[in-house]
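Understanding the architecture of this molecule
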Amino acid sequence: MHLRNLLSRRPLAAYIVLAFGLSWLLWWVAELGEKPVLFLDWLGGFGPAFAAILLTALLEGREALEMLLRRVFAWRVHPLLYLAAVTLPLIGTLLLIALYGLINGKPETIKMIGPWLATLARTSPVLLMSLLLGWIVVTGEEIGWRGYLLPRLRARHSDLAASLMVGLVWGLWHLPELWPFKAGSAPITLLFFMADIVIIAVLYTWLYANSRGSILLVSLFHGVYDLMVMYASASLPFIRETRGLETVILLGMAAVVVAIYGPRRFEHGEQARNVPDKVLIDAGPE
């Protein structure tokens, strides 16, 4: 009872400490072992979900936990949101290729877009399988970031501010995989990674707000984005030289969302406006 009272006073701080602690501990142990222990590296990605489920059950009860888990499979959202979740990462990649060619005076890279899209279409069955596996992994993050942390921050801040705060926490959670903890990683990599992840959090909030809090939808976006980054990096080697351009493109997309909706709420219509306060529980005095 004492522990529960302590956690209820600072639920967001408790969540961050627990999510980071679980993931970082599992990743650290995984680094010590051989192949059988590498399973822990994968399991560490579920730290945000473990923390969200544990704190929801402990502080808010069974009904709140059921609401959280139902949103993992909330598929009844507008078809255009599915289209956005799938195509925005592809559009961003195409813009990246075009900008790289224009800025560096390499029109041949722009001419690669057609053949690259054709190859992408041919390999789509394999990519869909990879996406399914990736969706399972990123859902372990999204139950935490967009399922638990975002709605509680939205309850007291604008969508823009809440997005940036979630993005900052989300980015710092990856620190064990980045400079100065990862051998061979440079400070500039950390800088651009943090910029990208904080900015793209605006797009996640936009999808979340207009899908009535669907964790499934934001997990789909997360999975497609990660898959597109990996596929483009493997099939277009020059993509690795475009880190700054990726930041510019993401900033442009986020700016469009803020310009259309304003910084306070990214929702279209009143029906979504009440979701965070209803599905989500009071964040407490933090």
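Residues numbered from 1 in each chain as written. Predicted model: local features only at pLDDT ≥ 70, side-chain atom pairs only at ≥ 80, totals over all residues. Heavy atoms only, no water.

1. Section: the nonpolar core
Counting 75 residues, the largest nonpolar core has Tyr 15, Trp 145 and Leu 207 as the members making the most contacts within it. Residue contributions to this core peak at 13 residues, all from helix α11 (residues 187-210). Excluding its chain neighbours within four sequence positions, the residues that come into contact with Leu 207 are Leu 81, Ala 84, Ala 85, Leu 217, Val 218 and Phe 221. (Core = buried A, V, L, I, M, F, W, Y, C linked by side-chain atoms within 4.5 Å. Buried < 20%, exposed > 50% of the residue type's maximum accessible area, 1.4 Å probe, protein only. Helix = DSSP H or I, 4+ residues; strand = E, 2+ residues; numbered from the N terminus. Contact = heavy atoms within 4.5 Å.)

2. Notes on the pattern of salt bridges
Tallying each qualifying case throughout the model produces six salt bridges. Where Arg 62 meets Glu 66, a salt bridge forms, and the shortest distance between an N and an O atom there is 3.1 Å. Within this pair, Arg 62 and its partner Glu 66 are both found in helix α5 (residues 62-70), separated by four residues, close to a single helical turn. Judged by its relative accessible area of 68%, Arg 62 falls in the exposed class. Notably, a salt bridge pairs Arg 154 with Asp 159, separated by 2.6 Å at the nearest N-O pair. There is no split in this pair, since Arg 154 and Asp 159 are both buried. One connected set of salt bridges, linked through shared partners, spans Arg 154, Asp 159, Arg 265 and Glu 267. (Salt bridge = Lys/Arg side-chain N within 4 Å of Asp/Glu carboxyl O.)

3. What to know about the packing of helix α8 (residues 113-122) against helix α12 (residues 215-235)
For any two helices packed against each other, one specifies the inter-axial angle together with the distance between the axes. The interhelical angle for the contact between α8 and α12, taken along N-to-C directions, is 125°, at an axis separation of 12 Å. For the element pair α8 / α12, the angle class is oblique. The chirality of how α8 crosses α12 is right-handed. Seen from α8, the contacting residues are Trp 116, Thr 119 and Leu 120; seen from α12, they are Met 228, Tyr 231, Ala 232 and Ser 235. Of the residues in the contact of α8 with α12, the class split is five nonpolar, two polar and no charged. (Axes fitted to C-alpha atoms, helices over the stretch in contact; angles between N-to-C directions. Parallel < 35°, antiparallel > 145°, perpendicular 65-115°, else oblique. Left-handed = near helix turned anticlockwise from the far one by under 90°. Nonpolar A, V, L, I, M, F, W, Y, C, P; charged D, E, K, R; others polar.)

4. Some remarks on the packing of α11 against α12
Viewed as axis vectors pointing N to C, α11 and α12 meet at an angle of 145°, and their least axial separation amounts to 9 Å. Taken as a pair, α11 and α12 cross one another with a handedness that is right-handed. Packed against α11, whose contacting residues are Ile 200, Leu 203, Tyr 204, Leu 207 and Tyr 208, the element α12 presents Leu 217, Val 218, Phe 221, His 222 and Tyr 225 at the interface. When its residues are assigned to classes, the contact of α11 with α12 shows nine nonpolar, one polar and no charged.

5. What to know about the side chain of Arg 152
As for its position among the elements, Arg 152 is in helix α9 (residues 124-154). Judged by its relative accessible area of 3%, Arg 152 is buried.

6. Describing a nonpolar patch on the surface
A grouping of Phe 39, Trp 42, Met 129, Leu 132, Leu 133 and Ile 136 is seen on the molecular surface, where their side chains present a nonpolar patch of about 610 Å² in accessible area. Secondary structure elements with two or more residues in the nonpolar patch: α3 (39-44) and α9. Broken down by element, the residue count for the nonpolar patch peaks at four residues, all from α9. Position of Ile 136 relative to the elements: it lies in helix α9. (Patch = residues over 30% accessible without salt bridge, like charges linked within 9 Å, V, L, I, M, F, W, Y side chains within 5 Å. Areas by Shrake-Rupley, 256 points an atom, 1.4 Å probe, with all protein chains shown as cover.)

7. Considerations on the confidence of the model for the protein chain
Mean pLDDT over the protein chain works out to 90, with 92% of the residues at or above the 70 mark. At the level of individual helices and strands, the protein chain shows its lowest average pLDDT in helix α14 (residues 275-279), which scores 47, and its highest in helix α10 (residues 159-173), which scores 98. Contacts of residues 271-279 to residues separated by more than four positions or lying in other chains number 15 contacts, the stretch itself having pLDDT below 50. A low-confidence stretch, residues 281-286 stays under pLDDT 50, and its non-local contacts, those more than four residues away or across chains, total 17 contacts. (pLDDT = per-residue confidence, 0-100.)

8. So, the environment of Val 166
Looking at where Val 166 falls in the secondary structure, it is placed in helix α10. Judged by its relative accessible area of 1%, Val 166 falls in the buried class. Considered as a pair, Val 166 and Leu 150 are 16 residues apart in the sequence and their alpha carbons are 6.3 Å apart. If sequence neighbours within four positions are ignored, Val 166 has contacts with Trp 145, Arg 146, Leu 149, Leu 150 and Leu 153.

9. Topic: helix α2 (residues 11-32)
Helix length check: α2 (22 residues) gives 32 Å between terminal C-alpha atoms against 32 Å at 1.5 Å per residue, within 8%. The set of residues buried in α2 consists of Pro 11, Leu 12, Ala 14, Tyr 15, Ala 19, Phe 20, Ser 23, Leu 26, Trp 27 and Ala 30. Along its buried surface, α2 packs onto α1 (2-9), α3, α4 (47-60), α9 and α10. (Expected span 1.5 Å × (residues − 1).)

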